Amino acid sequence: MARLFGTDGVRGLANQDVTADLALRVAQAGARVLGSPAREIGRRPVAVVARDPRQSGDFIAAAVAAGFAASGVDVLDAGVLPTPAAAYLIADIDADFGVVVSASHNPAPDNGIKFFASGGKKLPDEVEEQIEAALELPPLAPLGGEVGRIRRFADAEDRYVVHLLGTLPHRLDGIHVVLDCAHGAAAGVSPEAFAVAGATVTVIGNDPDGMNINDGVGSTHLEELAAAVVAAGAHVGIAHDGDADRCLAVDATGAVVDGDQIMAILAVALDQRGLLRERTLVATVMSNLGLKRAMAEHGISMLETKVGDRYVLEAINEGAYSLGGEQSGHIIFADHATTGDGILTGLQLVSRMAQTGSSLAELASVMKVYPQTLVNVRGVDRDGVATDAVLAQAVAEATADLGDTGRVLLRPSGTEPLVRVMVEAGDQSTADRVAGELAEVVRQRLSTGVERS
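Rules used in this analysis
- Residues numbered from 1 in each chain as written.
- Predicted model: local features only at pLDDT ≥ 70, side-chain atom pairs only at ≥ 80, totals over all residues.
- Heavy atoms only, no water.
- Helix = DSSP H or I, 4+ residues; strand = E, 2+ residues; numbered from the N terminus.
- Buried < 20%, exposed > 50% of the residue type's maximum accessible area, 1.4 Å probe, protein only.
- Contact = heavy atoms within 4.5 Å.
- Pairing = 2+ DSSP bridges.
- Axes fitted to C-alpha atoms, helices over the stretch in contact; angles between N-to-C directions.
- Phe/Tyr/Trp six-rings, centres within 6.5 Å; stacked < 30°, edge-to-face > 60°.
- Lys NZ or Arg CZ within 6 Å of the ring centre and 35° of its normal.

Student: Help me out: how do you make sense of the side chain of aspartate 271 in this one?
Tutor: Mapped onto the secondary structure, aspartate 271 falls in helix α9 (residues 259-272). When its relative accessible area of 17% is taken as the criterion, aspartate 271 is described as buried. Ignoring sequence-local partners within four residues, the contact set of aspartate 271 consists of Leu276, Arg279, His298 and Ile300.

Student: Looking at this structure, I do not really get the sheet that holds strand β18 (residues 407-412). What am I missing?
Tutor: Strand order in this open sheet of three strands is β17-β19-β18, and the pairing throughout is antiparallel. Of all strands in the sheet, those bounded by a partner on one side alone are β17 (372-378) and β18. The average angle at which neighbouring strand axes cross in this sheet is 15 degrees, direction not considered. Bridge analysis of β17 against strand β19 (residues 418-424) gives seven bridges, and the strand direction is antiparallel.

Student: Would you explain the sheet that holds strand β10 (residues 236-239) in this entry?
Tutor: Strand pairs in the sheet, formed through backbone hydrogen bonds, run parallel or antiparallel to each other. An order of β9-β8-β10-β11-β12 is seen for the five strands of this open sheet, with the pairing classed as mixed. If you trace the sheet from one side to the other, it starts and ends with β9 (200-204) and β12 (256-257), each paired once. Across five bridges, strand β8 (residues 176-180) lies against β9 in parallel orientation. The residue of β9 that forms the bridge with valine 178 is threonine 202. The strands that helix α12 (residues 342-356) touches are β8, β10 and β11 (248-250); relative to β10, the one it contacts most, it runs at about 165 degrees.

Student: Even after reading the chapter, I still don't get the packing of aromatic side chains, so can you show me in this structure?
Tutor: Note on aromatic pairs: each is described by the distance of the centres and the angle between the planes. All chains considered together, the criterion is met by three aromatic pairs. For the ring pair phenylalanine 68 and phenylalanine 115, a centre distance of 6.4 Å and an interplane angle of 65 degrees mean the geometry is edge-to-face. With phenylalanine 68 in helix α3 (residues 57-70) and phenylalanine 115 in strand β5 (residues 110-117), the pair connects residues that are 47 residues apart, well separated along the chain. Phenylalanine 115 shares its class with phenylalanine 68; the two are buried. Geometry around tyrosine 370 places lysine 368 over its ring, the cationic atom sitting 4.5 Å from the centre.

So this is what it looks like as structure tokens:
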């Protein structure tokens, strides 16, 4: 069978790709694999189930809970809750595993199933493969008192908020924050956490109706937040995505502060407190050149990974580092979380503002953002990126032309027949020109039927 799990769980169009039947069977397979250690010592497995407020989340989460209970797993239903909250709670109550039903920043018709193992950790590839293999086996079928129970996780939200507040180095008093909750899972938790921490809070995107999640709001649509910050005369705006594992910001003028800039601010803050382990920040190859240079200026190393938060997390765990993330705002504080946490990130950022008395624009000036142009070249042989000598020469010449004022990155898509051409330069016109020239070379050299020498 084709691989079911993608880079972030099982995801697709709800009730077409992600059906109730699939959710039930995947849950039963997951219960078999992830519940095995508990069963081996004679203990009933316990799982946490949470979801974002998509309309389809009701039936998918119900099917997941049913699959777990039918397999002899006790289920704690946390209801609508951010993905990082569920991950934290799995670790906090020592549950055996859990699932979040969400499609993150995707539109409302999509949905997905994200598994977390004990400790609130994402599953490695080999465990996902075991679950997929278990789909071919008969489900576990305990009887009588051996079936699982489904109970409400009554204090899930309160536990998570207490955890968030406990991470803050400084209260947020005196800071006016506009929060954009993307009509998603952050709508209940984020405003409460910021208010209890002392901030004055204005909220937009906090009226989820099941179908408006990420619709013109949230971290993928910052225009409304920027306008709301300026209109309210607020100090900062914080934007989440549908499941609240991302955070982007806007300053008092409405200017966007992206994940790279947020990481620069927080890496320096942690380093000054002696909490940036190995004085290293983990980021992907797509992070802006300015981030690497800013870190170097502060004596901080930057370890680069492939694109994807899972690769950032793997590197953090392997090197025992404390901070990493992506330009998209998916940022991981390893001392406080096992996955990206948008509410935690926003709190830490605003706490830094309150602690230093600096505006977000002043803090963000720690890093110069180099103009960046990304061109997706479709309908080409993506494998040729690694082998075409003419293309390699064009990249080398462009890199030499940019010198130390920019860089070039060609990256084949992992899922589509396209190549991504990314160029950074000292000015936007140069970035656009070089990216366009390289994209044309990619089209000429990697189009189907071209003979390469």
